[in-house]
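Results of the structural survey
Spelled out, the chains give:
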Amino acid sequence: MLKNNRVHHTARIGSNTLVSNTTVGMGTYIAVNTVMNMCEIGNYCSIAAAVQIGGMEHSHWWLSTSPRLTEKQGSTAITKIGNDVWIGAGAIIKRGVTIGDGAVIGAASFVNTDVPENTIYFGSPAKFYKKRLDPTIFEAIKESGYWTMNESNARLKLAELDAKYFSN
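Observations concerning the sheet that holds strand β5 (residues 23-24)
Strand order across the open sheet formed by five strands is β2-β5-β8-β11-β14, with parallel pairing between neighbours. Because the sheet does not close on itself, it has two edges, and the strands there are β2 (6-7) and β14 (98-99).

Shown next, in the form of structure tokens:
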């Protein structure tokens, strides 16, 4: 179900997925059984099955927790997912968290704090594991701006970077 969203025409959204009050960028795919509420998702992200991002926060501190009985909510913060982020199956990203460009979130992780760019986080709660790529390579990726390009140009730019950094 899609409600009050801006979804780029190249994004793919799997079945049985709820996307509400969310922006989804170019080339991003969202697998089945995912729930996203009040999010900004960047370009070329990979979001696996059964991920929850943003979500409702019920008024646990008020007289009733039911959203049918009150307009009071815990937070109206936007959850921000950068470009080229991979979120593993079953991960939960708390409302208001920011995940930086090029980050990876492990499957079944609970993310309740911001995640810097170019890092791998996993666990419950999610913790830093390591940098995803050498910082010099990641800076070249950022400078290339490939995630602002259409798919064919992005592929060409990535091929150039691959030849420079990974080919012998």
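Let's talk about the sheet that holds strand β12 (residues 86-87)
Strands belonging to one sheet form pairs held by backbone hydrogen bonds; the direction of such a pair is parallel or antiparallel. Taking strand neighbours across the sheet as the criterion, the seven strands line up as β3-β6-β9-β12-β15-β17-β18 in an open arrangement whose pairing is mixed. Lying at the two open borders of the sheet, with one neighbouring strand each, are β3 (12-13) and β18 (126-131). When strand β15 (residues 104-105) meets strand β17 (residues 119-123), the two strands line up parallel, connected through two bridges. Note that in β17 the partner of Ile105 across the bridge is Tyr121.

Digging into the environment of Phe110
Of note, Phe110 is situated in strand β16 (residues 110-111). Distance from Phe110 to Gly90, taken between C-alpha atoms, is 9.0 Å for residues 20 residues apart in sequence. When near neighbours in sequence (up to four residues on either side) are disregarded, Phe110 contacts Ile92, Lys94, Gly123, Ser124, Pro125 and Ala126.

Structural notes on a nonpolar patch on the surface
On the surface, Trp61, Trp62, Leu63 and Leu69 cluster together into a nonpolar patch covering about 500 Å² of accessible area. Inspection of the secondary structure puts Leu63 in the loop between β10 (52-54) and β11 (79-81).

Considering the packing of helix α1 (residues 135-144) against helix α2 (residues 151-165)
It is at 11 Å that the axes of α1 and α2 come closest, and there the two elements cross at 155 degrees. Classified by the angle between their axes, α1 and α2 sit roughly antiparallel to one another. Considering the relative orientation of α1 and α2, their crossing is right-handed. For the pair α1 and α2, contact is made by Thr136, Ile137, Ala140, Ile141 and Ser144 and by Lys157, Leu161 and Tyr165, respectively. When the residues that make up the contact of α1 with α2 are grouped by side-chain class, the tally is five nonpolar, two polar and one charged.

Observations concerning the environment of Gly42
As for its placement among the helices and strands, Gly42 is situated in the loop between β8 (39-41) and β9 (46-47). Separated by 48 residues in sequence, Gly42 and Gly90 have C-alpha atoms that sit 19 Å apart. Beyond its immediate sequence surroundings of up to four residues, Gly42 is in contact with Gly25, Thr28, Ile81, Gly82 and Asn83.

A word on α1
The complete set of buried residues in α1 reads Ile137, Phe138, Ala140, Ile141 and Ser144. The buried residues of α1 occupy an angular sector of 155 degrees when the element is viewed end-on, so they sit on one face. Facing away from the buried side of α1 by more than 90 degrees, the exposed set consists of Thr136 and Glu143. Buried residues along α1 sit in contact with α2. For α1, the N-terminal capping position is held by Asp134, with its side-chain oxygen 2.8 Å away from the main-chain nitrogen of Thr136. Gly145 sits one or two residues past α1 and shows a positive phi near 65 degrees.

Reading guide: rules and limits
- For every chain, the first residue of its written sequence is number 1, and the numbers climb from 1 along that sequence.
- Confidence filtering applies because this is a predicted model: local features only for residues at pLDDT of at least 70, side-chain atom pairs given and counted only at 80 or more, and all residues used for totals across whole chains, interfaces and linings.
- In computing side-chain values, all of the structure's heavy atoms are included and hydrogens and water are not.
- DSSP calls a pair of strands paired once it identifies at least 2 bridges connecting them.
- Helical segments are the DSSP runs of H or I of at least four residues, strand segments are the runs of E of at least two, and each set is numbered from the N terminus.
- A contact between two residues is defined here by any heavy atoms of the two lying within 4.5 Å.
- Candidate patch residues must exceed 30% relative accessible area and have no salt bridge, after which like charges are joined if within 9 Å and Val, Leu, Ile, Met, Phe, Trp or Tyr side chains if within 5 Å.
- Note on areas: Shrake-Rupley with a 1.4 Å probe; residue coverage comes only from the protein chains shown.
- Only one rule defines a salt bridge in this text: a Lys or Arg side-chain nitrogen within 4 Å of an Asp or Glu carboxyl oxygen.
- Helix axes are fitted to C-alpha atoms over the stretch in contact, other axes to C-alpha atoms as well, and angles between N-to-C directions run from 0 to 180 degrees.
- Working rule for angles: under 35 degrees goes down as roughly parallel, over 145 as roughly antiparallel, 65 to 115 as roughly perpendicular, anything else as oblique.
- The sense of a crossing depends on the near helix, which, turned anticlockwise from the far helix by less than a right angle, makes the crossing left-handed and, turned clockwise, makes it right-handed.
- Each residue is assigned to one of three groups, with Ala, Val, Leu, Ile, Met, Phe, Trp, Tyr, Cys and Pro labelled nonpolar, Asp, Glu, Lys and Arg labelled charged, and all others, Gly among them, labelled polar.
- Classification of residues uses two cut-offs on accessible area relative to the type maximum, computed with a 1.4 Å probe and protein chains only: under 20% is buried, over 50% is exposed, and between them is partly exposed.
- An arc is given here, and it is the one of the directions from the helix axis to the C-beta atoms.
- Between N or O atoms, a polar contact is any pair within 3.5 Å; within protein, one atom must be a potential hydrogen donor and the other a potential acceptor, and residues adjacent in sequence are included only when both atoms are from side chains.

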